[in-house]
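Single-letter residue listing:
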Amino acid sequence: MSVSDTDPVVRIEGLTKTFARGNVTALQDIDLELMPGEFVSLIGPSGCGKSTLLRVIGDLVEPTAGSVTVNGKPAKRARADRDYGIVFQDSVLFDWRTVAKNIGLPLEMLGWDRDKRKQRIDEMLDLVELRGFEEHHPWQLSGGMQQRVSIARALAFEPALLLMDEPFGALDEMTRERLNLELLSIWQQLGSTVVFVTHSISEAVFLSTRVVVMSPRPGRIAGIVPIDLPYPRGVETREETRFFELVTQVRELLRSRGEHLLPEEELGLLEAPE
Amino acid sequence: MSGLIVTPSVGRRAARRAGDWVPAAVVFVLAIVVWEGAISAFHIQQFLLPRPSDIVSTFWTNRHTLWPAGWTTFKEALGGFAFGSLGGVLVATVVGRFRVVGNALMPIAIAANAVPIIAFAPIANAWFNPLSSTSKMAIAGVLCFLPVMVNTMRGLQSADPRQIELMRSYAASELEIWRRVRVPTALPYLFTALKVASVLAMIGAIVAEYFGGAFNALGVLIRSDAQILDFQTAWAGILVASLLGLALYGAVVLAERLVVRWTPATREA
Ligand SMILES: Nc1ncnc2c1ncn2[C@@H]1O[C@H](COP(=O)(O)OP(=O)(O)OP(=O)(O)O)[C@@H](O)[C@H]1O
Ligand SMILES: [Mg+2]
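Structure report, in brief. (Residues numbered from 1 in each chain as written. Chains lettered and ligands numbered in written order. Predicted model: local features only at pLDDT ≥ 70, side-chain atom pairs only at ≥ 80, totals over all residues. Heavy atoms only, no water.)

Further remarks concern the overall build of chain B. Helix and strand content of chain B: 10 helices and zero strands. Taken from the N to the C terminus, the helices and strands of chain B come in the order α-α-α-α-α-α-α-α-α-α. Summarising its shape, the C-alpha atoms of chain B cover approximately 70 × 55 × 30 Å along the three principal directions. A burial count over chain B gives 39% of its 269 residues as buried. For chain B, restricting intrachain contacts to residue pairs at least 6 apart in sequence, the fraction spanning at least 24 positions comes to 73%. Per element, the accessible surface of chain B, about 14,700 Å² overall, is 73% carbon and sulfur. The centroid of the 21 positive side-chain charges in chain B is displaced by 8 Å from the centroid of its 13 negative side-chain charges. (Helix = DSSP H or I, 4+ residues; strand = E, 2+ residues; numbered from the N terminus. Buried < 20%, exposed > 50% of the residue type's maximum accessible area, 1.4 Å probe, protein only. Contact = heavy atoms within 4.5 Å. Areas by Shrake-Rupley, 256 points an atom, 1.4 Å probe, with all protein chains shown as cover. Lys, Arg positive; Asp, Glu negative; His and termini not counted. Charge placed at Lys NZ, Arg CZ, Asp CG, Glu CD.)

All right, on to the overall build of chain A then. Assigned secondary structure in chain A consists of nine helices and 10 strands. Taken over C-alpha atoms, the radius of gyration comes to 18 Å for chain A, in line with the 19 Å a tight globule of 274 residues would show. When its C-alpha atoms are laid out on the principal axes, chain A stretches across 50 × 40 × 40 Å. When each of the 274 residues of chain A is scored for burial, the buried share is 55%. Sequence separation of at least 24 residues holds for 69% of the intrachain contacts in chain A that already meet a minimum separation of 6. (Rg over C-alpha atoms; globule rule 2.2 N^0.38 Å.)

Okay, the site of ligand 1 next. Residue and element names in this part refer to chain A. Surrounding ligand 1, one finds 14 residues, the nearest of these being Ser46, Gly47, Lys50, Ser51 and Thr52. The contact in question runs from an oxygen atom of ligand 1 to an N or O atom on the side chain of Ser46, over 2.5 Å. Starting from 630 Å² of accessible surface for ligand 1 in isolation, the protein chains cover 68%. Where the shell around ligand 1 is concerned, the elements lending two or more residues are β2 (24–34) and α1 (50–57). Per-element accounting of the shell around ligand 1 gives the leading share, three residues, to α1. Each residue belonging to the shell around ligand 1 can be placed in one class, and the counts come to four nonpolar, seven polar and three charged. (Near = heavy atom within 4 Å. Polar contact = N/O pair within 3.5 Å; in protein donor to acceptor, adjacent residues only side chain to side chain. Nonpolar A, V, L, I, M, F, W, Y, C, P; charged D, E, K, R; others polar.)

Bringing the sheet that holds strand β3 (residues 39–43) of chain A into the picture now. Residues and elements named next belong to chain A. Pairing in this open sheet of six strands is mixed, and the strands run β6-β7-β8-β3-β9-β10 from one edge to the other. Unpaired on one side and paired on the other, β6 (84–87) and β10 (220–226) mark the two borders of the sheet. For this sheet, the mean inter-axis angle between neighbouring strands, taken without regard to orientation, is 15 degrees. Pairing geometry for strand β9 (residues 210–215) and β10, over six bridges, is antiparallel. Across the sheet, the residue bridging to Val212 is Ile224, located in β10. Each of β3, β7 (161–165), β8 (193–197) and β9 is contacted by α1, which is oriented at about 155 degrees to β7, the strand it contacts most. (Pairing = 2+ DSSP bridges. Axes fitted to C-alpha atoms, helices over the stretch in contact; angles between N-to-C directions.)

Just geometry here; none of it tells us what the structure is for.
Structure below.
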């Protein structure tokens, strides 16, 4: 790669996004740099622009002002080069494709041959534990299973930059924690950079190198909490004192900025230790 | 290996599908029985309504004129169906590429779709040789064209924007988005229209023949038999028309089953 280790993978400068329809300022004056191999979580109350920020990075939404560079090139160019994989908030599967074919879609787009695709799809099916469902259609799966298909699809081509919008939101606690661990190990294996949107404070702290806390209307960065827990992280990480300190730190940042939008009970629920 | 697993379930599915038909078959047979019985019971004149058994036996004695006549009409309907539907799909495809044109044309197409095209049948005979099958094919074709075009256009436009966004994240070209998102989304819409069109095509061909056509055509036969008060033969002609109409419709349903395997209609409970 031509990108050196000290150049950011994503550089966002003075980013503002106003939706003409409804005249909503979804994002205002966002400055953010993501270094190679970072795992950055975006957290903030509903409607504060997390999904929009992800879409702007992925060049799916045009910024109103400011610039986004990915791997040193404009976001548009990065998209053309297929530099990133994306997991949307809803699973966005294709009803006419089987589970296996849904997972293989980006591989087809990249022109992989059938055997290579099949092999990768099988690996992905194992990863998200959907073996035996490869010939099912999405509407024959539960919501959580659908979301796992969409995660498998994004991971299938091992993108250097992964944009994930609440990928585990629809999953049960056990699956969620297992996939958290899987995601961490994939991330470390591939050395990819991850931008991860979540509503769960504990999930954000557990996974990330940094947690970006956003505040609503207009969406701004309220603060950034570096997470200094050592990797590899495991089940015991969630029991460390430092983990709870960091959870509290993020929660306080959230509370100070967005308390009127995220009720206290909800916050309590989100970070409930098991 | 997987065949072992699939075969019994297919068998079971076929059995269940056959089971689905039982109520309809019972109602059908009952209706025929009631029809037959009512005519005897109320002494209904045969020119008002012949017995089903008489219709069938008349059909059998006249099968050598009725079947060729039916075939003539069926070919007209089929030709109109093919050309009209193909035209509808082509126009919708071209127009669908340009949203602006599509938006401008949609209301006009919907309005045109509400026009009773069949009213043009006598005029179409003046445009073409009244004895040829071209005029009938033309009416059937125009009847098929509009619903197919409107529905295909709607289908191509109703692609899920999130799916398009996903494809864009893969830097997919417009052609790829069209092929992998828009066309599969439009297929169920298309087949709904084709089912309607298959019925319209038969109606178009027969009604056009009422206004004149080759001597051995179903519509001409039904009309002339009715005029000489040979109602039983007219009814036998209607029977042939119904069977052919059902055959065309059934063929479209079959094609839909083969192509569109993922819509709720074909989903298993
Ligand atoms: N396509 C759009 N057109 C107009 N307004 C939009 C559009 N997309 C998002 N918005 C607005 O931008 C704001 C931010 O939306 P966004 O989806 O980014 O929020 P979010 O932080 O992801 O929320 P959530 O946590 O509920 O997913 C909202 O006020 C929303 O109404
Ligand atoms: Mg969102």
